[in-house]
Structure formats: C-alpha cells, structure tokens
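Descriptive analysis of the structure
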Amino acid sequence: MAVLNVNIDHVATVRQARLTDEPDPVWAAVQCELAGANGITVHLRQDRRHICDRDVRILKETVACKLNLEMCMAEPIVKIAEAIQPDQVTLVPEKRAELTTEGGLDCVRHQTRLAEVVKRMHKKRILVSTFIAPDAEQIIASAQTHCDAIELHTGMYANAKGPGAIRKRLIDLERGRDLAMENKLVVHAGHGLTYRNIADVARIEGLCEFNIGHSIIARAVFVGIGQATAEMIKLIHKK
Ligand code: PXP
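We now turn to the structure provided with this report. (Residues numbered from 1 in each chain as written. Predicted model: local features only at pLDDT ≥ 70, side-chain atom pairs only at ≥ 80, totals over all residues. Heavy atoms only, no water.)

**Topic: the packing of helix H4 (residues 75–84) against helix H5 (residues 111–123)**
Remark: H4 packs on H5, axes separated minimally by 10 Å, with the N-to-C direction vectors making an angle of 20°. With respect to H5, the axis of H4 lies roughly parallel. Both H4 and H5 take part in a crossing whose hand is right-handed. Within the contact between the two elements, H4 uses Glu-75, Val-78, Lys-79, Ala-81 and Glu-82 and H5 uses Arg-113, Val-117, Arg-120 and Met-121. (Axes fitted to C-alpha atoms, helices over the stretch in contact; angles between N-to-C directions. Helix = DSSP H or I, 4+ residues; strand = E, 2+ residues; numbered from the N terminus. Parallel < 35°, antiparallel > 145°, perpendicular 65-115°, else oblique. Left-handed = near helix turned anticlockwise from the far one by under 90°. Contact = heavy atoms within 4.5 Å.)

Okay, structure coming up:
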C-alpha cells in the first residue's frame, strides 16, 4: 500500500516570515507522525528560505519514521547530508529565484556528479531517490547511477486541464513507473498533489510513496496538521 511523507517546509516558511521560533517544524513532524505519516520530508535549500540546518539536525534525532531530505547536489549541501545522515535523500535541481522546485533533475546531463553523490550517500547508508520527469532517459540514467528510487514529478499532471490532458499525463506516469520498475527502481511521486487530484495517481499501482506538502499545510491552517495528514492518508488508501 502506498504511503505518505508530509513535506513540512511551509511550517518553516511561516516561522521565517517573522524570523522567530514558531511554528516549529519539529512539532509539526511529531503531529504528522502521530497521525500516521510514513515519513517527513524537508528541503534544505541553499538560501535557507524555510528549513534550516538546525531543523534537519533535530528532525534526525526526533523523527522515528522516515526522514527524507530533499536537496540539490551542491557540495556544501551534500556534506550536510553526509553529516546528518537522513534515511533518504531526494535529489532535486534548485534555482534561487524559483517559488518551488520547478522541473525535474537532469540526470543525463549531471550523470557524473550524480554517480558520485549516490556513492557517497550509500557509504553513509542513505537511500537515494531522484526527482525526475517521467522520461525514459532520466529513468535509465537514475538506474545506471545506482539510485534506489525515483520520484516521478506529478506537476504536469497537477497542471493538466481537461480529461484528455489529464489522461495523457496519467499514462506518462504509468509508462514511467513501468520502465522504472523494469530497471529495479522503487517509484515515488510528488509535486502539486492535492486533496482534489490525489485519487487518480493514488490508483496507479506501484507508486509506493507520495511526497505532499503545500496542500496539506494549507489545510492544516484550518483543521490542524494531524487531521490534514490523516485525511490525505485516507484518500491515498481509497481505491
Ligand atoms: N517532491 C519534491 C521533489 C518537491 O520539490 C516538492 C516541493 O517541495 C514536493 C514533492 C511537494 O510538492 P507540493 O508542495 O506541491 O506538495
């Protein structure tokens, strides 16, 4: 059965809006975990716009479920991952001006660096997933560099308008899943998933881990993060 990792970056976004100490993403992680989350995801960006080093360090000590660190392959960030040793890293591209991660990682272009980072993470017993478009070349490059998993970028699905376009994006995800599984990669998915659009992707067999942030944190403002997490888990499990 597919599981949910809650991305709690935006709890830190609210804190950083006032450069204060609340709300604490560590408290959020506890609530998500109590509500049944399989994992906690945080993106340590180079500009530290939300999650900061202290958050990742304390989360490593306090999260009992999976800690998934989203990160780019810049050397200072890779060194932090080696030192803190989350359970998993999800490698993403990062542009300083973007509001959120825009596209998938180009594993073909960065294959040499990717192979090096994978080796270093594995030395520390950290699983490696690449955040990529459901594109054959990217999937093969992830497999060739010995990644453990890929996270299929669901942003194109989330932005698709009309049944035809949505269907096409779902087929792309299914094809990506097939090729990834043939190449022995575990398949995750995420980006732009909401309470309204999760059903169709949750029905795709083989997508085993969803990383969802914005929609859950947005709902949490009104119902609390525990309830928001539990409601999303219920939708993921509904077939
Ligand atoms: N997966 C990856 C790789 C991401 O970069 C993000 C955004 O931080 C997410 C999942 C979660 O996306 P959203 O906030 O749209 O749910």
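**As for the state of the cysteines**
A full pass over the atoms with the stated rule returns 0 disulfides. Free cysteine: Cys-72, not disulfide-bonded; nearest cysteine sulfur from Cys-107 at 14 Å. (Disulfide = S-S within 2.5 Å.)

**As for the sheet that holds strand S3 (residues 66–71)**
With parallel pairing, the 8 strands of this closed barrel are ordered in space as S1-S2-S3-S4-S5-S6-S7-S8. When the angles between neighbouring strand axes are averaged without regard to direction, this sheet yields 25°. One ladder, built from 4 bridges, connects strand S7 (residues 186–190) with strand S8 (residues 207–212); its direction is parallel. Looking at the pairing, His-188 lines up with Glu-209 of S8. (Pairing = 2+ DSSP bridges.)

**What to know about H5**
For H5, built from 13 residues, the straight-helix expectation of 18 Å at 1.5 Å per residue is met to within 8% by its first-to-last C-alpha distance of 18 Å. For H5, every residue scored as buried is listed here: Leu-114, Val-117, Val-118, Arg-120 and Met-121. The buried residues of H5 occupy an angular sector of 165° when the element is viewed end-on, so they sit on one face. For H5, the exposed residues lying more than 90 degrees away from the buried face are Thr-112, Lys-119 and Lys-123. Tucked into the core, H5 has its buried residues touching H4, strand S4 (88–91) and strand S5 (127–132). At the C-terminal side of H5, Arg-125 shows a positive phi close to 60°. (Expected span 1.5 Å × (residues − 1). Buried < 20%, exposed > 50% of the residue type's maximum accessible area, 1.4 Å probe, protein only. Arc of directions from axis to C-beta.)

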